[in-house]
Amino acid sequence: HRDEVIESYCTVEDSVTITGLRRSKGWADNQYVYFVIKLSQPIKNWEYWIDDAQLDASNMNQLHGKNIKAAFRFDNSTSADLFIKVAISPVSVEGAKKNLLAEVGNQSFEQIKAAGIEKWNKELSKIEVQSKDTNQLKVFYTALYHTAIVPNINMDVDGQYRGRDNQIHQATGFTYYSVFSLWDTYRAAHPFYTIIDRQRTLDYIKTFLVQYQQGGRLPVWELASCETDCMIGYHSVPVIVDAYNKGIKDFDTKLALEAMLHSANRNQAGLSAYVKNGVMTSDDEQESVSKTLEYAYDDYCIALFAKSIGEQKIYDDFIKRAQYYKNTLDLQTGFMRPLKNGEWLSPFNPTEVNNHFTEANSWQYSFYFPQDIHGYINMMGGPNQLEQKLDALFKANSQMSGRDQSDITGLIGQYAHGNEPSHHIIYLYDYTSHPYKAQELANRVMKDMYSNHPDGLIGNEDCGQMSAWYVLSALGFYPVTPGNNTYMIGSPQFELAVIHLENGKSFVINAPGSNSANHFIQSVTMSSAKSLKPVPWKYAFLRHEDMADGGLVSFIMGNRPSDFLSIPMNDTPLMDFPNAKLVMNPRITGGGLSFRSSKLISIASSQQNVRLYYSLDGSTDYRNMQLYKGPITIKESATVYAIAVDNFGNKSFVSTAHYKKMNHNWSVQLNTQYQSQYDGGGPEGLIDGIRGTTNWRMGNWQGYQQANLDVVIDLKKAQSVSNIKIGFLQDVRSWIVIPAEVEVQLSSDGKSFVKVYAGNNFLPIEDLTPQLKTVEAYFSKQSIRFVRVLAKQYGKLPSWHEGAGGDTHIFVDEIEVE
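Structural notes, computed from the coordinates. Being a predicted model, the structure only gives us computed values, none of them experimental.

The next thing to look at is the overall build of the protein. The number of helices and strands found in the protein is 17 helices and 47 strands. Principal axes of the C-alpha set define a box for the protein whose edges measure 90 × 80 × 50 Å. Considering the protein as a whole, with its 818 residues, one finds that 55% of them fall into the buried category. Nonlocal contacts in the protein, meaning residues at least 24 apart in sequence, comprise 69% of its contacts between residues at least 6 apart. Carbon and sulfur atoms make up 48% of the accessible area of the protein, which totals about 34,900 Å². Of the charged side chains in the protein, 75 are positive and 88 negative, and the gap between their average positions amounts to 5 Å.

And the structure:
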C-alpha cells in the first residue's frame, strides 16, 4: 500500500468472524479503519506472518504488528461459494459490528445487490434527461454517478465518529462526512449539490463546523478526519456562503463567521504577507499568484456572508481584501504575474508551468477573478478587451514550457479542461458581446472531452468536479461565481431535462432540436412555478431562485450563432465594488537584487491619477516620504519603500525592494545550462551573497537536471585562495539530491585547470529531510584568478522513490571564495 502502517491487529473471534484494525499514515496522517468480516463457511485453519516471518498459528487467535499478514483456508467440499460480509468503522470494532448488523444483517448477496441497484436508480433519477443517443445518456449518467461517490459518510450507524481531535464524538441532528476535495469541488460540484442535495449540503456544512470546533480550523482538503493541506485557499468558505445564499441556513451562522475569519487570518501559507501587503509575492511563498487570487475570492465570499448577517464592519474589511487580486494583474498585458522584490518577475512566459502557480500557468490563472468580472472588464478597457484576451487563450499554441505537470490536460490553446483552474473560463464569454462563443466551446468540450470509454474523462475526476462540470453544462448552465446565486448560460445538450427537487417540485429545461449541430441558442423564455406564462429572457444567466421553486426554461436552438443574450453593466449579478475602490500597489523596478557600483531604480503604477512616494530610510507614511519624480540612483545596499496615493487620499499598501551591493567585481561563466524556471537570479546569483533556503519554491536556487554543474568564476585578478564553499540543497521527495561528486579546480589563465579537491557521499539519498549542505574544499593557499566547480548528478532516482527512474536535480546557490 502507498501509506505507512502505524499499527494493526487481526483477531479470529470465532470460526466465522475476523476483526481487526489498520491504522496508517499517508495522505491522511492518522487514518483508522476497524473492520469485521463475517464468513459463510467456518475457517478450517489459518497462517500468520510478522515482517514476512511465518509464525506457528496453531495456538494463536490474535496478531499485532506493523507488517502482519494472515491467510485463511476453508473446506470447499460442500460448497464452492464463499460469501464474505465486511463492514468498517473509524471508531471501533464494535462500531463495525453495529454497521454490519444494521446495513447488511442477514441479507443475502443478491438482496444487497438488488438494494444497491434500487438506491442508485433513486439517486440517479433526481435528474431525468431524454436523448436518442445512448452513448450521450451513458456519459451523462456516469457523470451524475461520479458526483455522488463522495463525500462519504464517516460515522457509525449509532452516530459515533472520530473527530479532527482524534476523539470519539456523537453526531446529533446531522450526518458526519469525509473526503472534502474543496479546491476542486467548490467550483461546480458543491453548487450542484445545492440544487439536488440540499440536506446533504447542510450536513456537509455542519461537518465543517464541528471540524472547526474539534480540530481548530475549517477543512481545506480533509480525508478521514485528517487535514491533508495538499491544496490552497480556504474553500470551505464559498461552499458555506453559496449554500446560505441559496436558502440552506439551518446552521450556526455566528460560529460559521467565526470559523471563516479564523481561516482567513491564520499565519500560514503566506496569508500574513497577503493581509499585510495586499498581495503575496514569490519572496513570501511558493504559488504566490494562485494563492493571492484564490484568497481574494474566498474573502469576497466572507464579505457577502458578513453583510447578509448584519456584520457591516467585517463586510467593509473583506470587500477590500476581495480586490487584492488586482495587485497581481499586469494591466499592460492582461496577465496575472508573479512579483519578486517589488517588481514583475522577469523574464516572464505565460505558458511556463512553475512554482508561482498551482497546477497551472499564467494563461490559465489570468482569468481567475470570478468575484469582480465587471471590475476586471473596466480596468482592461471594456468587454471587447476581455473577449480578445479569451480569443487569444483559445487560439494560442498548446505547447507548455517549464516543468511537466501531469494535471494539465484537455488543451484548447492554453485552456486546460483537465484541471480545475480553467473550468469557469469558457463562460466568461457571456460577459462579452458574443456569448455564442461560450455555447460553441462548451459544446466542443462536452463532445470531445467526455466519452463512453474507460478513459472517458480528459483529466482527473477530482472527487466529482470534472463530472459536475459536465452535468451542469449539459443542462445548459454553470456557476462561474459560487456564492452569488447565478448560473451562466451555455449550451443545453438534451431536448428535455427534468430536475426533481427535494421540495417535491421540478425544474424543467426544454431545448427541442438540441444536438451537436444545433448548439447555438436562438431565444429563451422563462416560466415560473407561480405563473406558467412564458416570459422572454434576455440575460446570459439563470438565477437559483428561478429553479428552486420549480419552473420551466425553454431554449430555441439553432445551428447559427445568435448574440441576443447579454449582461448589462447596470443589471449584473456580480459586484463591482463601487464604494471600496482599491489603490493598486506600485512596482519598484531595479533589476537583480545585487549590484556593484550603482543601481538605477524606477517606480510605477498601473493606475491613473495617483501620486507615488518613496523612502530609503524606512519611512512608510507617505507624508514623511519623498514624492517620486523620476528614476533614483543608489550606490550602497538599500531597502526602497514605495506607496501610491489617489486624489482622495486613499493609499495602496507599501511595496518593498531590497538591493545588496556586492563587495567584489567577479564574473561567472556557466558551461552547462540551468533550468529556465530555476535560474536563481541568473549566473551571478551564485556569487551575490544571498543564500537560498530549504523552501526552494521561492526561486533563489539555480537548478540543473539532465546536466551536471560546470561553472567558472573569474576573480578578475590573482588572489590568494585556500578555501571554496559551495552551497547545495537536498530535498529528495522533490527529486533534489546532493551531487554524487563535487570537484574544485583552480587556474591562473582560465585555460589550464588543476584539481585541488574531489569529494563524494555528502548525504545519503535515503535522508528525506529537506536541508542545506555546504561542501567545503580546503587546500594549501595558492595565488589564482579562476575557480572552476564541477558537480555530478546523482542520476536516476532509486526504485523505492515515487519518481523511480526519473532524473535527479542539482540545486546550487552561493559559491564563496576565501
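The next thing to look at is the packing of helix H8 (residues 253-264) against helix H10 (residues 288-308). Between H8 and H10, the shortest axis-to-axis distance is 11 Å and the interhelical angle comes to 155°. It follows from the interaxial angle that H8 and H10 lie roughly antiparallel. Along this stretch, H8 crosses H10, giving a crossing that reads as left-handed. Where H8 abuts H10, its residues Thr 253, Ala 256, Leu 257, Met 260, Leu 261 and Ala 264 lie against Asp 299, Ile 302, Phe 305 and Ala 306.

Take the sheet that holds strand E25 (residues 477-478) next. Pairing in this open sheet of three strands is antiparallel, and the strands run E25-E26-E31 from one edge to the other. Edge positions in the sheet fall to E25 and strand E31 (541-543), since each of these pairs with one other strand and no more. In this sheet, strand E26 (residues 486-489) lies alongside E25 in antiparallel orientation, the contact comprising two bridges. Directly across from Tyr 478, in E26, lies its bridge partner Met 488.

A few words on the pairing of strand E40 (residues 655-661). Examined bridge by bridge, strand E34 (residues 594-595) and E40 share two bridges and lie parallel to one another. The residue of E40 that forms the bridge with Ser 594 is Lys 660. Pairing analysis gives five bridges linking strand E39 (residues 638-646) to E40, with the strands arranged antiparallel. Bridged to Tyr 641 within E40 is Thr 656.

Here the focus is the nonpolar core. Among the nonpolar cores identified, the biggest contains 143 residues, and Ile 127, Phe 140, Ile 426, Leu 475, Phe 477 and Ile 499 are the most heavily contacted of them. With near-sequence residues (within four places) excluded, Ile 499 lies in contact with Lys 126, Ile 127, Ile 195, Ile 196, Leu 475, Phe 477, Lys 505, Ser 506, Phe 507 and Ile 509. Judged by nonpolar contacts, the second largest core, of 31 residues, contains Val 668, Tyr 704, Val 711 and Ile 724.

So, on to the side chain of Ser 655. Mapped onto the fold, Ser 655 is located in strand E40. Apart from residues no more than four positions distant in its own chain, Ser 655 is found in contact with Asn 585, Pro 586, Ile 588, Val 640, Tyr 641 and Ala 642.

What follows covers the pattern of salt bridges. A complete count under the given rule lists 30 salt bridges for this structure. In this structure, Glu 123 and Lys 126 form a salt bridge, with 3.1 Å as the shortest nitrogen-oxygen distance. With relative accessibility at 17%, the residue Lys 126 sits in the buried group. Among the ionic pairs, Asp 807 bridges to Lys 796, the shortest N-O distance being 2.8 Å. Residue Asp 807 is located in the loop between strand E46 (771-792) and strand E47 (809-817), and its partner Lys 796 is located in the loop between E46 and E47; the two are separated by eleven residues in the primary sequence. Classification of Asp 807 as buried rests on a relative accessible area of 18%. Overlapping salt bridges, with partners in common, bring together Glu 123, Lys 126, Asp 197 and Arg 200 in one network.

Analysis parameters
Residues numbered from 1 in each chain as written. Predicted model: local features only at pLDDT ≥ 70, side-chain atom pairs only at ≥ 80, totals over all residues. Heavy atoms only, no water. Helix = DSSP H or I, 4+ residues; strand = E, 2+ residues; numbered from the N terminus. Buried < 20%, exposed > 50% of the residue type's maximum accessible area, 1.4 Å probe, protein only. Contact = heavy atoms within 4.5 Å. Areas by Shrake-Rupley, 256 points an atom, 1.4 Å probe, with all protein chains shown as cover. Lys, Arg positive; Asp, Glu negative; His and termini not counted. Charge placed at Lys NZ, Arg CZ, Asp CG, Glu CD. Axes fitted to C-alpha atoms, helices over the stretch in contact; angles between N-to-C directions. Parallel < 35°, antiparallel > 145°, perpendicular 65-115°, else oblique. Left-handed = near helix turned anticlockwise from the far one by under 90°. Pairing = 2+ DSSP bridges. Core = buried A, V, L, I, M, F, W, Y, C linked by side-chain atoms within 4.5 Å. Salt bridge = Lys/Arg side-chain N within 4 Å of Asp/Glu carboxyl O.

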